[in-house]
Amino acid sequence: MNRTRQFAATLATAIALGGLAACGGSGSSDDGDDITLRVNLFGKFGYAEAYKKFEADHPGVTIVETAEGDLGKYNTKLTQQIAAGGDAGDVVAIEEGQTVAFLAAANKFVNLQDEGGNDVKDRWLPWVWDKATSADGKTTIGYGTDVGGLAMCYRRDLFEKAGLPIDRAEVAKLWPTWDAYIATGKKFQQGTKDKKVAFVDSSTNTYNSILMQEGDHTYFDRDDELVFDDNPAIKSAWDYSVEMTEADLSAQLKAFSDEWNAGFKNGSFATIACPAWMTGYIKDQSGEANAGKWDIATVPGGGGNWGGSWLAVPQTSKHQKMALELIDYLSDEEGQMLAFEAEGRLPSLPALYDQAALKDAKNVYFNDAPIGQLFAAGAAGLEPVYLGTKNVPVRDAVENALRSVENGEVPPARGWDDAKAAATKAAR
Amino acid sequence: MARTRLARQQGAGLAFVSPYFLVFAVFGLFPLVYTAWVSMHEWTLLAGKVEFIGLENYRELMVDSAFWRAMVNTFGIFVLATVPQLVVATVLAQMLNTRLRSRTFWRMGVLLPNVASVAAVGIIFGMIFARDYGIANWLLGQIGLDAIDWRAHRWSSWLAIATMVDWRWTGYNALILLAALQSVPKELYEAAKIDGASAWRQFWSITVPMLRPTLIFVTIVATIGGIQLFTEPLLFNPGANAISGGNRGQFQTVAMYLVQEAFTGQRFGYASTIAWVLFLVIALVAAINLLLLRRIRSAD
């Protein structure tokens, strides 16, 4: 009998220990040994070269990057990890729309102001620093990597078939305003004989571009109150998008879906509003077969910003010192310049905008478009746009309503009411 | 002496079953209680607990049209998927139980869809039901029908998702039913044959009644899976904002709505409320199943 008891006790202990070990995780600390830094990103940041240089300057440091292609999925996972105190990696990227949300959990990140952040904050466009800083100004969770900038990418071959000019200066003259853009779209649809080719990829991308151009906030004012009715920019962006739908200009391809990706390859649409970071995406999806067919012109309505990211170090990181050094490097001139060269991400450092390497940069894939001039010219004058804590759920809700109008599921008038109701619900 | 021995034996017995209770306490009871606690708060995911609001979340949920829409979607897809699934699985099981050539091959074959990764299944079915270049629409075109925007309507999206579920689970259920079929005494069929019963008659009068307990088990498992349906409808909506299940939530299930509220909406308390109500619904459905089971048994 005694043996049975012993066995039972051993079993119970083993189970208890197993449970504890599972909670404890494996602990290796900063003691001069080799370090692996885990960088957790979404999409493509173009850091391969920067990592190599950093590793060369810091012997014993290895950088491992994981990148989730789907921003929504990435945000959900990161939110889970941060909220639950789980291990999110040593460096994480935070997208523009999420900065306010993560500032609500500022204590889960290393406060960069305690780590020399205040000494370097002047290197960014002023609002870049503010966007990752808490309302009381005491906590900053992220170093800016890039800003959106806005331009309009277009297909030269499709323009030519439709009888439109293809030179980028001429093309820019076609659409000084969004009204002119829609008028051009109508001309395009008349000129092109191919029913499978549309003027624009989807209404939501245009909608977001217009919305982000118009003023210093979108759905929420600076007190984080929903201002769906009081911000005329929303209705104006909505109306332009619906007008495009009614003129049948859209290929109705949902952003980041397989069909959207296929649309790049098949040339299903002729224009797409493109923030700087989108150029890398367009190139990847269109593939080598379409090299030189794309070009870039200025965006209707003047500049504007869409997107941009920040790098943060979660409190759970076991190599905080080294992680801080890494984000400092990646967000400084050399790191941002390497990312610009690799993926077209527009730096958030005004000092770079005057440098020849950026000013004279051309993108071979986009028919040698002078991306430096196109994007950097407007970047210095970019106005910060305040996005509230609930910006993402509200934006999702409004985009859904817009798509339901675009696909003909819902008549436009009801679509606007739907959008308003859904936005109010999502803002809770 | 005997008493201490008995006590010892009992102690050992308890120690032996204790892992179950430990695991249940950690993974079953604690989350259940904690979720109930969270559901009575306004609780944002990143900022944490805001305030105690009692049953306010439950009140809100009862009049939340998005929740009820998700409920209808869940049960609609469930019925659309489960009924044909079990019918086909029963017929498949019967076929697999006959003298087929290379029987093992066929038996393994029906399980294959279940082994395939859900993500791959989602991508393939996404392509089959694609609006512009999908095979489903191509087939419709071949017989002179108009193409359907499968994701845009409630009925068509339900149908597509139900197909996905059926494709994955029919073979699995067929194998379980096959195992049950093999325990049916062969004499019954032989006797029926001598009496001149047709294959169809044998199926109805012997196979189906003998399969009843297994059918009920399979139904319960399919019900629980159906109410928790998540991955297939999520994968059916690729690209931005997949969790919303269509532009108007036409194929958003309750499980998807839960995740959307928790992680996009940042409303952890409200999501916990949904989780609890979902738990109650599953318990209710299981109870109804149990009642039916008793009635069917007593009918024998």
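Residues numbered from 1 in each chain as written. Chains lettered and ligands numbered in written order. Predicted model: local features only at pLDDT ≥ 70, side-chain atom pairs only at ≥ 80, totals over all residues. Heavy atoms only, no water.

Per an unreviewed UniProt entry, chain B goes by Sugar ABC transporter permease and derives from Aeromicrobium duanguangcaii. Quoted verbatim from the Sequence similarities (unreviewed entry) field of the UniProt record, the comment on chain B reads "Belongs to the binding-protein-dependent transport system permease family." The annotation that UniProt attaches to chain B under Subcellular location (unreviewed entry) is "Cell membrane". (UniProt positions renumbered as here; feature names shortened; annotations may be inferred.)

Per an unreviewed UniProt entry, chain A is named Extracellular solute-binding protein, and its organism is Aeromicrobium duanguangcaii.

It is worth spelling out the overall build of chain B at this point. Secondary structure assignment for chain B yields twelve helices and two strands. In sequence order, the secondary structure elements of chain B are arranged as α-β-β-α-α-α-α-α-α-α-α-α-α-α. Computed over its C-alpha atoms, the radius of gyration of chain B comes to 24 Å, more than 25% above the 19 Å expected for a compact globule of 300 residues. With respect to the three principal axes, the spread of C-alpha positions in chain B is 85 × 75 × 35 Å. The 300 residues of chain B split such that 45% are buried. For chain B, restricting intrachain contacts to residue pairs at least 6 apart in sequence, the fraction spanning at least 24 positions comes to 66%. If you sum the accessible surface of chain B, you get close to 16500 Å²; carbon and sulfur atoms cover 70% of it. (Helix = DSSP H or I, 4+ residues; strand = E, 2+ residues; numbered from the N terminus. Rg over C-alpha atoms; globule rule 2.2 N^0.38 Å. Buried < 20%, exposed > 50% of the residue type's maximum accessible area, 1.4 Å probe, protein only. Contact = heavy atoms within 4.5 Å. Areas by Shrake-Rupley, 256 points an atom, 1.4 Å probe, with all protein chains shown as cover.)

Before going further, it helps to spend a moment on the UniProt feature "domain: ABC transmembrane type-1" (unreviewed entry) in chain B. This chain's UniProt record puts "domain: ABC transmembrane type-1" (unreviewed entry) on residues 71-289 of chain B. Taken end to end, residues 71-289 of chain B comprises 74% helix and 0% strand; its first and last C-alpha atoms sit 19 Å apart.

A few words now on helix 9 (residues 178-191) of chain A. An ideal rise of 1.5 Å per residue puts 20 Å on 14 residues; helix 9 of chain A measures up with 20 Å between its terminal C-alpha atoms. When we look at burial in helix 9 of chain A, the residues that qualify are W178, A180, Y181, I182, T184, G185, F188 and G191 of chain A. (Expected span 1.5 Å × (residues − 1).)

The next subject is the sheet that holds strand 8 (residues 294-297) of chain A. Residues and elements named next belong to chain A. The strand order across the open sheet formed by four strands is 6-7-5-8, and the pairing between neighbours is mixed. Two strands in the sheet have a free side with no partner beyond their single neighbour: strand 6 (198-200) and strand 8. Across the sheet, the axes of successive neighbouring strands diverge by a mean angle of 20°, strand direction being ignored. In terms of strand pairing, strand 5 (residues 151-155) meets strand 7 (residues 269-274) through four bridges, oriented antiparallel. By the bridge assignment, C153 is partnered in strand 7 with I272. Of the strands in this sheet, strand 5, strand 7 and strand 8 touch helix 12 (residues 258-266), which is tilted by about 115° from strand 7. (Pairing = 2+ DSSP bridges. Axes fitted to C-alpha atoms, helices over the stretch in contact; angles between N-to-C directions.)

Moving on, we get to the packing of aromatic side chains. Residues and elements named next belong to chain A. Evaluated as defined, the whole model comprises 51 aromatic pairs over all chains. Centre to centre, the rings of F188 and F199 are 5.6 Å apart; their planes meet at 45°, and the pair counts as tilted. Here F199 lies in strand 6 and F188 lies in helix 9, a separation of eleven residues in the sequence. Of the two residues, F188 and F199, both sit in the buried class. A ring pair is formed by F256 and W260, whose centres lie 4.9 Å apart and whose planes are at 55°; its orientation type is tilted. (Phe/Tyr/Trp six-rings, centres within 6.5 Å; stacked < 30°, edge-to-face > 60°.)

This part takes up the state of the cysteines. Residue and element names in this part refer to chain A. The tally for this structure, following the rule as stated, stands at one disulfide over all chains. Each sulfur in the disulfide pair C153 and C274 lies 2.1 Å from the other. On the sign convention where negative means left-handed, the S-S torsion of about 90° between C153 and C274 marks this disulfide as right-handed. Taken together, the positions of C153 in strand 5 and C274 in strand 7 put the pair 121 residues apart, joining distant regions of the chain. (Disulfide = S-S within 2.5 Å.)

In this numbering, the UniProt entry assigns the feature "transmembrane region" (unreviewed entry) to residues 12-37, 66-93, 105-130, 169-189, 210-230 and 273-293 of chain B. Within residues 105-130 of chain B, the helical portion is 85% and the strand portion 0%, while the C-alpha atoms at the span's ends are 32 Å from each other.

This next bit is on the interface of chain A and chain B. Taken together, the contact between chain A and chain B spans 39 residues of the former and 37 residues of the latter. Interface area, chain A with chain B, both sides summed: about 3300 Å², of which 56% is carbon and sulfur. Viewed at the interface, chain B and chain A are joined by four salt bridges. With a closest N to O distance of 3.5 Å, E261 of chain B and K425 of chain A form a salt bridge. For the pair chain A and chain B, the interface holds 16 residue pairs in polar contact (both at pLDDT 80 or more). At the level of elements, helix 1 (2-24), helix 3 (71-84), helix 4 (99-103), helix 12 and helix 19 (391-406) of chain A are the ones that each hand at least two residues to the side of chain A that touches chain B. Take the side of chain A that touches chain B: its biggest share by element is six residues, from helix 19 of chain A. (Buried area = accessible area lost by both parts, 1.4 Å probe. Salt bridge = Lys/Arg side-chain N within 4 Å of Asp/Glu carboxyl O. Polar contact = N/O pair within 3.5 Å; in protein donor to acceptor, adjacent residues only side chain to side chain.)

Below, the discussion takes up the side chain of D201 of chain A. All names here are of chain A. Tracing the sequence through the fold places D201 in the loop between strand 6 and helix 10 (203-213). Buried charge without a partner: D201 forms no salt bridge, and the closest opposite charge is R403, 9.4 Å away. If sequence neighbours within four positions are ignored, D201 has contacts with S250, A251, Q252, L253, W260, F269, T271 and I272. (Lys, Arg positive; Asp, Glu negative; His and termini not counted.)

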